[in-house]
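# Remarks on the overall topology
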Amino acid sequence: MSQFFSLFSFLVRVEWRSPFYFLISSVCWFILGYLFALQLEQNPSATLSTPIWWASFLSLFLCPLLAMDIFYKKDRPDFFLLLRTLSLSPWTLILSYFLIRLSFLLWIDAILFAQFFYIVEYSEPDLAPLISSLLGLILLQISYLSVSFLCSALIENSKQVFFASFCILFVSWLLYYAPHILSGELNSLGYAIRELSIYKHFHRFLMGAVYEHDILFFAGFPLINLYLCNVVVKK
Amino acid sequence: MIQLQDIHFHYGIKPALQGVTAQIPRGKITLLLGPNGAGKSTLNKIVAGIQFPSRGHIFYGNQAVDQSYQLPYKVGFVGDQETVDRRFKVLEFLTLIGKLRRKKPSKDQLQRWIETFELDSVLNQHVSDLSTGFRQRVSLAAAFLGEPELLLLDEPSSGLDPYQFKTLCNALESVKENCMILVSTHRIKEAEELGDHILLLKEGRLSFEGSREELQALKNSRSIRLHLENVPSQKMEADLKVFGFAATDQKQIYEAENKDMREAIQFVSNHDELNVRSLGLKESRLEELFFNTMEEGKTQPLNIAVCEEEYSSMEPQSIQVKSALKPQNQQVSDHPKQEGQSSHEATNTETIARNNTGEEQ
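Residues numbered from 1 in each chain as written. Chains lettered and ligands numbered in written order. Predicted model: local features only at pLDDT ≥ 70, side-chain atom pairs only at ≥ 80, totals over all residues. Heavy atoms only, no water.

### Describing the overall build of chain B
The helix and strand tally for chain B stands at eleven helices and 14 strands. With 361 residues in all, chain B has 52% of them scored as buried. Restricting the contact set of chain B to residue pairs at least 6 apart, pairs at least 24 apart contribute 70%. As displayed, chain B offers around 16600 Å² of accessible surface, 46% of which is attributable to carbon and sulfur atoms. (Helix = DSSP H or I, 4+ residues; strand = E, 2+ residues; numbered from the N terminus. Buried < 20%, exposed > 50% of the residue type's maximum accessible area, 1.4 Å probe, protein only. Contact = heavy atoms within 4.5 Å. Areas by Shrake-Rupley, 256 points an atom, 1.4 Å probe, with all protein chains shown as cover.)

And the structure:
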């Protein structure tokens, strides 16, 4: 455990001084802030659903970007390899990196929390859907990031990692809209395909409905991905 | 001591290591030599616990090393590619590595390796701002930190200037008593004085394991050097060529590759007019021995014991050749080494020498 904290604290110091991440978070904050302001202008009793939806969409790009340089990459120094020679368990390494990268996503989400407090301060909103959609967003991002981590463990080229994990997440997002695409007789097939979508579980959170099976999915899915990641790293 | 037993490793269906059985003894520097793709880096990673063999076992003393991340020995590792995260500052990086070791190094130890590899001036610089040589020195300092029981250095000299390489050699000498050291390198010339124990890998198989003297003895059996007192006549030179002796840069010295010493003795005996100073087995530099072994096309492990046995069954007149298998310092020379003759030029086994009258001793 002490090894985990040593590594994690060092990684926090190193990764959080990267201007690259601050640049990305600035862009995301600008987009999400602008959307919120636009919504306020059109409807004073606005909710967070639009910026949160956009945050979930941006996560399709952000998660692959944050995971593309983890593990062994042909074009980068293999620090991960060195760490493994220090008898650190793969779990320690994976979790350290996972939590660091997740903290960046939460940093980007911070503007949504600020918007949440703004809404609570200046109106009397129904808190349940606001909280559930924020919670759903974080769970979705954890799932997306775990998929990207698994891709990163499997692929040695960082650009390929980005494209592979983006494609997987984007297809998963598109699957949610399968019933819209497959109309008529194929509509039931569309609904069956929708079941494969990660976004489907988040969408119910966005609507303010929290179901046990969605929570179970979000608890299990990232764990399975990270476990597979651990297996790949060991191999 | 680490004992590798019948180690196999495959990348997909491509075999990288095929039945490697070798030792990495404590107190010695083991040189792992082999051409590109021989499996050196894979072997390093297996011993470092990063990869697990498809078949075979690793023993640390009597203890079998299981396939878990917790090795029974501490590893200091320098890989064949850069392993230092460039976003770190040098001091930050070394401190982190120190903290992650099971036995944390003291400040004095940290200072020792910083001074040894002359990193004082760059401690607060980011690794990304350093030259390749400095980055390699940071990797080396991290590897030596925390008294590792096993040092695995894959191409440790890359990026180092000759002075820094000497520093590395001294550092290895200073820690080798309590440490197992495995150095993979292509810079054989520089490393040949460093290695006490040599492993030659070829196509994933171990071609040779033993001391440099043993390798020398094996290779000497195939290369014969004839040193004459005078330049031979044209007729004699033709005879020498027919036998297989080729002239060297020095006109009085001839060498024959892949010839039986018994035939050479016979040849010399039949040519009384040859004014022989010495006839013996040629001493080669490690680099030559390496290339000879690689070019032989033999992939079966060479066994020094078998060679000894072969020699012991030879005819009495060539029995002295066997002495060539003994370490150099046990050789008895009839003629003192000539002034100005470098050690590798000299015949290490002046086993048969003839006096000026041509009488065989």
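The rest of the description comes next.
### What about the sheet that holds strand β12 (residues 246-247) of chain B?
All names here are of chain B. The strand order across the open sheet built from four strands is β12-β13-β11-β14, with neighbouring strands paired in antiparallel fashion. Only two strands of the sheet have a single partner each, and these edge strands are β12 and β14 (276-281). Where strand β11 (residues 223-228) and strand β13 (residues 253-257) come together, five bridges link them in antiparallel fashion. Residue pairing in the sheet places L226 in a bridge with Y254 of β13. Sitting on the sheet, helix α9 (residues 261-270) touches β11 and β14, and the angle it makes with β14 is about 170 degrees. (Pairing = 2+ DSSP bridges. Axes fitted to C-alpha atoms, helices over the stretch in contact; angles between N-to-C directions.)

### Some words on the pattern of salt bridges
Applying the stated criterion to the full structure yields 14 salt bridges over all chains. Here R17(A) and E92(B) are joined by a salt bridge, their closest N and O atoms 2.7 Å apart. Here the residue R17(A) occupies a position in the loop between α1 (2-15) and α2 (19-42), and E92(B) occupies one in helix α2 (residues 90-100), the pair thus bridging two chains. (Salt bridge = Lys/Arg side-chain N within 4 Å of Asp/Glu carboxyl O.)

### Looking at the pairing of strand β1 (residues 2-11) of chain B
For a regular strand, side chains alternate in direction, first toward one face of the sheet and then toward the other. Residue and element names in this part refer to chain B. As defined by bridge partners, β1 adjoins strand β4 (residues 55-60) across five bridges and the pair is classed as antiparallel. Bridge assignment links L4 to a residue of β4, and that residue is I58. Between β1 and strand β2 (residues 14-24), which pair antiparallel one after the other, the connecting turn spans two residues, and G12 there sits at a positive phi close to 65 degrees.

### Some thoughts on the interface of chain A and chain B
Contact with chain A, which involves 23 residues of that partner, is made by 29 residues of chain B. Across the chain A/chain B interface, buried area totals approximately 2600 Å², and carbon plus sulfur atoms make up 63% of it. Across the contact surface, chain A and chain B share two salt bridges. The closest approach of N and O atoms between E15(A) and R87(B), which form a salt bridge, is 3.0 Å. Put simply, chain A and chain B have four residue pairs in polar contact (both at pLDDT 80 or more) between them. At the level of secondary structure, the elements contributing two or more residues to the side of chain A that touches chain B comprise α1, α4 (79-84) and α5 (90-122) of chain A. The biggest single contributor to the side of chain A that touches chain B is α1(A), with six residues. Grouping the constituent residues of the side of chain A that touches chain B by class yields twelve nonpolar, five polar and six charged. (Buried area = accessible area lost by both parts, 1.4 Å probe. Polar contact = N/O pair within 3.5 Å; in protein donor to acceptor, adjacent residues only side chain to side chain. Nonpolar A, V, L, I, M, F, W, Y, C, P; charged D, E, K, R; others polar.)

### A few points about the packing of aromatic side chains
All names here are of chain A. Applying the stated rule across the entire model yields 45 aromatic pairs over all chains. With a centroid separation of 5.9 Å and an interplanar angle of 15 degrees, the aromatic rings of F4 and F8 are classed as stacked. Taken together, the positions of F4 and F8, both in helix α1 and four residues apart, correspond to about one turn of that helix. Its relative accessible area of 24% is what places F8 among the partly exposed residues. Judged by centre distance (5.7 Å) and plane angle (5 degrees), the rings of W53 and F57 are stacked. With W53 and F57 both in helix α3 (residues 49-67) and four residues apart, this pair spans about one turn of that helix. What makes W53 partly exposed here is its relative accessible area of 23%. (Phe/Tyr/Trp six-rings, centres within 6.5 Å; stacked < 30°, edge-to-face > 60°.)

### Looking at the layout of surface pockets
Of the voids in this model, the largest pocket is the one considered here, and its volume is about 1200 Å³. In this structure, the largest pocket is lined by 44 residues; those nearest its centre are E156(A), K235(A), Y11(B), K45(B) and Q51(B). Elements with a minimum of two residues in the lining of the largest pocket: α4, α6 (127-154) and α11 (212-234) of chain A together with β1, β2 and α1 (40-47) of chain B. Its residues placed into classes, the lining of the largest pocket shows 19 nonpolar, twelve polar and 13 charged. (1 Å grid on protein atoms, 1.4 Å probe; cavity = no way out; pocket = protein on both sides within 12 Å on 5 of 7 lines; lining within 4 Å. Points joined across faces, edges and corners; volume = space filled by probe spheres on them.)

Worth remembering: the numbers are spatial, not functional.
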